[in-house]
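Here is what each chain is made of, one letter per residue.
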Amino acid sequence: MNDSGHPPQGEGTRAVRAGLPEPVKYEPALPGPVFAAHFHLPGEPTGPYTYGRDENPTWARLERAVGELEAPGQDGVETLVFSSGMAAVSSVLFSQLRAGDAVVLPGDGYQALSLVRAQLEAYGIEVRTAPTGGDAQLDVLDGARLLWIETPSNPGLDVCDVRRLAEAAHARGALVAVDNTLATPLGQRPLGLGADFAVASGTKQLTGHGDVLLGYVVGRAGEAMTAVRRWRKIVGAIPGPMEAWLAHRSIATLQLRVERQSATALAVAEALRDWPEDLGVRYPGLPGDPSYEIASRQMRRYGCVVSFTLPTRERAEGFLQALRLVDDATSFGGVRSTAERRGRWGGDAVPEGFVRLSVGAEDAADLVADVRRALAESVR
Ligand SMILES: *Cc1c(COP(=O)(O)O)cnc(C)c1O
């Protein structure tokens with residue numbers, strides 16, 4: 001028994017039951033999506049359900065599920081779901097920062113952060129950047145109101161020490177947000193490491209089927225989260241009930257997917273490391289990787305993304321074309337493997353031959369064989 005008087009639960013058990021209501025005779029375990037712009041509301045207009053931009057029972061169940069995974073057993077935690085990861089990211093940044101404030105962003109984070117940066121600056125907010133690896137954020141924290149961390153970073157897979165940075169930020173009165181997209185709550189729990197917000201795109205491995213856009217923010221209930229909720233209402237960045245329901249349904253298999261995909265990602269990373277050419281493979285779970293030491297302290301699983309660099313753009317394009325089990329597509333985290341030459345977008349500071357590979361739920365032996373064959377074929 002734990003403190004709450006319930007037997008401790010494993011992560012698979014928690015994932016399949018996350019956010020489910022108490023059983024009701026003749027009702028499904030996970031009630032279907034509630035499509036409602038408004039709810040019957042005679043008299044005083046008080047919740048829980050008033051208008052569809054403010055609340056929806058399908059989101060409420062999904063929010064409970066995400067909260068149970070991001071902050072298991074932690075009381076006083078609030079979760080909000082959004083229409084996309086960027087809606088969640090923007091809602092934290094734009095609700096917490098005012099003209100004259102300073103914010104620290106990763107210089108090597110998700111590519112749309114550069115658009116966010118320009119918008120923050122247009123509103124008179126000072127934006128400082130620091131690379132993710134090496135905890136260089138420490139040098140630019142003085143006087144900052146918010147520290148934004150993305151660890152592991154997408155697509156470079158660098159890692160920073162969340163606990164250390166959160167302590168340093170809090171000592172200076174700054175709030176800390178961690179983009180937990182790549183790790184998922186089963187890989188890393190930022191709130192447990194001291195962060196104020198765990199923010200993520202649910203579009204990636206959380207939902208895992210490449211058919212839903214979604215985002216979420218988890219934080220300690222209080223003023224800061226109230227401001228995030230208010231921002232969601234102001235901009236209307238809400239998920240559709242169908243998307244929220246699909247996401248909740250997908251969370252039931254999250255532990256299975258994350259377990260399988262991270263084990264296979266390690267196998268793929270090892271195959272790339274052992275290839276006769278030096279491909280500069282990066283995977284936080286690969287012993288010897290620059291991220292490995294910190295990652296093994298703060299992560300429980302290392303994610304499904306492996307990155308590496310082929311010598312030229314042509315070689316990378318040939319490699320992607322030769323793959324049979326891996327689709328050439330952006331995004332990551334899905335059950336079907338995808339890969340892309342990241343440089344085609346022009347937003348990331350990566351070499352022309354840089355490939356980001358997202359490992360799916362295929363059999364590891366099949367995937368490793370496909371990657372080896374495509375590497376060999378692309379030499380010709
Ligand atoms: C994809 C992604 C986002 C944005 O999420 P969307 O759902 O595409 O809006 C934010 N952060 C990271 C690390 C991502 O990979």
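Calculation notes
Per chain, residues are indexed from 1 in the order of the written sequence. Selection of residues for local features in this predicted model requires a pLDDT of at least 70, selection of side-chain atom pairs for listing and counting requires 80 or more, and totals for whole chains, interfaces and linings are taken over all residues. Based on all heavy atoms of the structure, the side-chain values leave hydrogens and waters out of the count. Remark: exposure states derive from per-residue accessible area (1.4 Å probe, protein chains only) relative to the maximum for the residue type, with buried under 20%, exposed over 50%, and partly exposed in between. Secondary structure elements are taken from DSSP: a helix is a run of H or I of four residues or more, a strand is a run of E of two residues or more, and numbering for both begins at the N terminus. A pair of strands counts as paired when DSSP detects no fewer than two bridges linking them. Throughout, the protein atoms alone are placed on a 1 Å grid, and a set of points is a cavity if a 1.4 Å probe fits but cannot get out or a pocket if it is open with protein on both sides within 12 Å along at least five of seven lines; lining residues have an atom within 4 Å of a point. Grid points are joined across faces, edges and corners, and a volume is the space filled by probe spheres set on the points. Residue classes follow a fixed rule: Ala, Val, Leu, Ile, Met, Phe, Trp, Tyr, Cys and Pro count as nonpolar, while Asp, Glu, Lys and Arg count as charged, and any other residue, Gly among them, counts as polar. For the purposes of this section, nonpolar cores are sets of buried Ala, Val, Leu, Ile, Met, Phe, Trp, Tyr and Cys residues that join through side-chain atoms within 4.5 Å. For helices, the axis comes from a line fit to the C-alpha atoms of the stretch in contact; other axes are also lines fit to C-alpha atoms, and the angle between any two N-to-C directions lies between 0 and 180 degrees. Handedness of a crossing is defined here by the sense of rotation of the near helix relative to the far one, left-handed for an anticlockwise turn of less than a right angle and right-handed for a clockwise turn. Every residue pair with non-hydrogen atoms within 4.5 Å of one another is taken to be in contact. We count a salt bridge whenever a side-chain nitrogen from Lys or Arg sits within 4 Å of a carboxyl oxygen from Asp or Glu. Polar contact is the term for a pair of N or O atoms within 3.5 Å; when the atoms are in protein, one must be able to donate a hydrogen and the other to accept it, and sequence-neighboring residues count only if both atoms are side-chain atoms. Of all possible arcs, the one meant is that of the directions from the helix axis to the C-beta atoms. Here a residue counts as near a molecule or strand whenever at least one of its heavy atoms sits within 4 Å of it. Accessibility throughout is a Shrake-Rupley quantity obtained with a 1.4 Å probe, and a residue counts as covered only by protein chains that appear here.

J.: Would you mind going over the pairing of strand 10 (residues 338–341) with me for this structure?
T.: For a regular strand, side chains alternate in direction, first toward one face of the sheet and then toward the other. A two-sided burial pattern is seen for strand 10, the buried positions comprising Thr338 and Glu340 on one face and Ala339 and Arg341 on the other. The pairing of strand 9 (residues 327–328) with strand 10 spans two bridges and is classified as parallel. Looking across to strand 10, one finds that Asp327 is bridged to Thr338. Examined bridge by bridge, strand 10 and strand 11 (residues 354–358) share four bridges and lie antiparallel to one another. Residue pairing across strands places Arg341 opposite Val355, the latter belonging to strand 11.

J.: Can you help me understand the layout of surface pockets in this one?
T.: Rolled over the atoms, a probe as big as a water molecule pinpoints where empty space is left. The volume enclosed by the second largest pocket comes to roughly 370 Å³. Taken together, 25 residues form the lining of the second largest pocket, with Gly107, Asp108, Gly109, Asp348 and Ala349 sitting closest to its centre. Tallied by class, residues from the lining of the second largest pocket come to nine nonpolar, 11 polar and five charged.

J.: What should I look at first to understand the nonpolar core in this one?
T.: Grouped burial of nonpolar side chains is what soluble globular proteins tend to show. Counting residues in each nonpolar core, the largest one holds 33 residues, and the members touching the most others are Leu272, Phe308 and Phe319. Phe94, Ile125, Trp148 and Val228 belong to the second-largest nonpolar core, a separate cluster that totals 26 residues.

J.: Looking at this structure, I do not really get the packing of helix 2 (residues 57–70) against helix 7 (residues 241–251). What am I missing?
T.: In a pair of packed helices, the angle between the axes and the distance between the axes together describe the arrangement. One can describe the packing of helix 2 onto helix 7 by two numbers: an axis separation of 9 Å at closest approach and a directional angle of 35°. The handedness of the crossing between helix 2 and helix 7 is left-handed. On helix 7, the residues that touch Thr58, Trp59, Arg61, Leu62, Ala65, Val66 and Leu69 of helix 2 are Pro241, Ala244, Trp245, Ala247, His248 and Ile251. Grouping the constituent residues of the contact of helix 2 with helix 7 by class yields 10 nonpolar, two polar and one charged.

J.: I tried to follow the pattern of salt bridges on my own but got confused; where do I start?
T.: This structure, assessed with the given rule, holds 28 salt bridges. The shortest N-O distance in the salt bridge between Glu293 and Arg297 comes to 3.4 Å. With Glu293 and Arg297 both in helix 9 (residues 292–298) and four residues apart, this pair spans about one turn of that helix. Here the two residues Glu293 and Arg297 agree in accessibility, since each one is exposed. Taking the shortest distance from any N to any O, the salt bridge between Arg342 and Glu340 comes out at 2.6 Å. Of the two residues, Arg342 and Glu340, neither departs from the other in class, the shared state being buried. Residues participating in the shared-partner salt-bridge network are Asp328, Glu340, Arg342, Arg344, Asp348 and Arg356.

J.: Help me understand the side chain of Ser95 in this model?
T.: Residue position: Ser95 is located in helix 3 (residues 85–96). Classification of Ser95 as buried rests on a relative accessible area of 5%. Only 3.2 Å separates the side chain of Ser95 from the backbone oxygen of Val92, close enough to count as a polar contact.

J.: Which parts of the structure should I look at to understand helix 4 (residues 113–122)?
T.: Quick reminder: α-helices carry 3.6 residues per turn. Residues three or four places apart thus point the same way. All buried positions along helix 4 are accounted for by Leu113, Val116 and Leu120. Seen from one end, helix 4 has its buried residues packed into an arc of 55°, which puts them on one side. Away from its buried face by more than 90 degrees, helix 4 exposes Leu115 and Ala122. Looking at the residues trailing helix 4, positive phi occurs at Gly124, about 80°.

J.: How should I be thinking about the site of the ligand in this particular structure?
T.: Taken together, 13 residues form the shell around the ligand, and within it Met86, Asp179, Ser201, Thr203 and Lys204 come nearest. A distance of 3.0 Å is found between an oxygen atom of the ligand and a side-chain nitrogen or oxygen belonging to Asn154. Contact between the ligand and Lys204: an oxygen atom at 2.7 Å from a side-chain N or O atom of the residue. Isolated, the ligand exposes 380 Å² of accessible area, and the fraction of that covered by the protein chains is 93%. Each residue belonging to the shell around the ligand can be placed in one class, and the counts come to four nonpolar, six polar and three charged.

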